Amino acid sequence: LRARHATGKDLGVVGNIDPDSDAGEARIFLIDDNEDQAARLMTSMSDGNYQITHEVDPEVALGRARLGDFDLIIVNLSIEAMDPLRLCSSIRSFEETRLTPILAVVRMGDTRKLVRALDIGVNDYVSRPVDKNELSARISTQLRRKRYVDQLRSSFQVSLEMAVTDQLTGLYNRRYLASHLSAMFDRAFWTGRPLAVMIIDIDHFKAINDAHGHDIGDRVLQDFAERLSSSVRGIDLACRYGGEEFLIAMPDTDLAFASVVAERIRQEVASSVFKLNGGRDELSVTVSIGIASTEESSEEDTAQKLIKRADEALYEAKNGGRNRVIK
Ligand code: GH3
Ligand code: MG
Ligand code: MG
Ligand code: MG
């Protein structure tokens, strides 16, 4: 459970929803088993900035629609190889095409079929014979709506990510930890498998800031966070717990294994150097680590108490001379 590293590019999306922005060539998928009608329809669309894919076989089309990442699907409601209403409802029900707009082409006067199609979730329609300008207007409306939904979703995704992510390091923040650790703790209790927690604190970090400046301090934190990210497993939760303190929660991990992981992290940090001034200077960093696990817990224990025990072990590591692991 590691947060993706937040990038400046992602953050730019927030508050910047503009469905009229030039989205380039729109990808349109036409499902029509009538070659003549399909050809006429494609001629009507030839002026637009579209990349059109045509599929004759509705079964094949369903598969392609899910893979194709289309902006709009046009369905001829007069197809014969499959019930067109079933085709539309399948498109609606697939996760990949759930939000892809569907524009139906319906024979003039075929009101019953049209009403059912709209009921199923078809977004709009044009009647055959198709008026070129009307078709173009209806396509534009659906594409604009699709762009809006896409932008809304991605900006929501970024906001969600920002709310649980530490800006400097890209690791999860303390708020995220709070909301997940008790669930991890409960799971450990019910499965009877241990949960280990380690708290890592950079030694004499204030002195690093004082000697080299706050910006170098920030880079040390980023560097260390990256190292942590790559040394924990996918199921571990690594977070920035405080200024220069990090916490890793490790499911299915006993105290002995957590000690091995902690010792590896400690040694890696201690044996590598942080390059400064284009490599001319070197900065050595060490960390102290405290570990606790649910093996030692009694039933009434809580996630909070587990953290407290790891914190006490960390305190011991600091008192014992730093650059060490205490469990
Ligand atoms: P100890 O070995 O006992 O842990 O000593 P320490 O100096 O690391 O501990 P202390 O808690 O006294 O100082 C932590 C410092 O971390 C103080 C604070 O200015 C710095 N710090 C906290 N957050 C940040 C940050 O985001 N960037 C930088 N550059 N420094 C930070
Ligand atoms: Mg500290
Ligand atoms: Mg301290
Ligand atoms: Mg410290």
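Note: the structure precedes this text.
Residues numbered from 1 in each chain as written. Chains lettered and ligands numbered in written order. Predicted model: local features only at pLDDT ≥ 70, side-chain atom pairs only at ≥ 80, totals over all residues.

Undergrad: Even after reading the chapter, I still don't get the site of ligand 1, so can you show me in this structure?
TA: Looking at ligand 1, there are 16 residues lining it, with D203, F205, K206, G217 and G243 nearest. Mapped onto the shell around ligand 1, the elements with two or more residues apiece are β6 (196-202), α8 (205-212) and α9 (214-231). Looking at which element gives the most residues to the shell around ligand 1, the answer is α9, with four residues. A per-class count over the shell around ligand 1 returns four nonpolar, five polar and seven charged. (Near = placed C-beta within 6 Å. Helix = DSSP H or I, 4+ residues; strand = E, 2+ residues; numbered from the N terminus. Nonpolar A, V, L, I, M, F, W, Y, C, P; charged D, E, K, R; others polar.)

Undergrad: Looking at this structure, how should I read the pairing of strand β10 (residues 281-284)?
TA: Looking down a regular strand, the side chains alternate between one sheet face and the other. In terms of strand pairing, strand β9 (residues 273-276) meets β10 through four bridges, oriented antiparallel. In the sheet register, V273 faces β10, and the bridge partner there is S284. Connecting β9 to the next strand, β10, in antiparallel fashion are four residues, including N277 with a positive phi near 50°. (Pairing = 2+ DSSP bridges.)

Undergrad: Sorry, what's going on with the sheet that holds strand β2 (residues 50-55) here?
TA: The strands that make up a sheet pair up through hydrogen bonds in the backbone, lying either parallel or antiparallel. Here we have five strands laid out as an open sheet, ordered β2-β1-β3-β4-β5, and parallel in their pairing. Pairing within the sheet leaves two strands with one partner each, and these edge strands are β2 and β5 (124-128). Each neighbouring strand pair of the sheet contributes to a mean axis angle of 20°, computed without reference to strand direction. Taken together, the four bridges between strand β3 (residues 72-76) and strand β4 (residues 102-107) define a ladder with parallel strand orientation. Along β4, the bridge assignment pairs I74 with L103. Helix-sheet contacts for helix α6 (residues 132-164) involve β1 (26-31), β3, β4 and β5, and the interaxial angle to β5 is about 165°. (Axes fitted to C-alpha atoms, helices over the stretch in contact; angles between N-to-C directions. Contact = placed C-beta atoms within 7 Å.)

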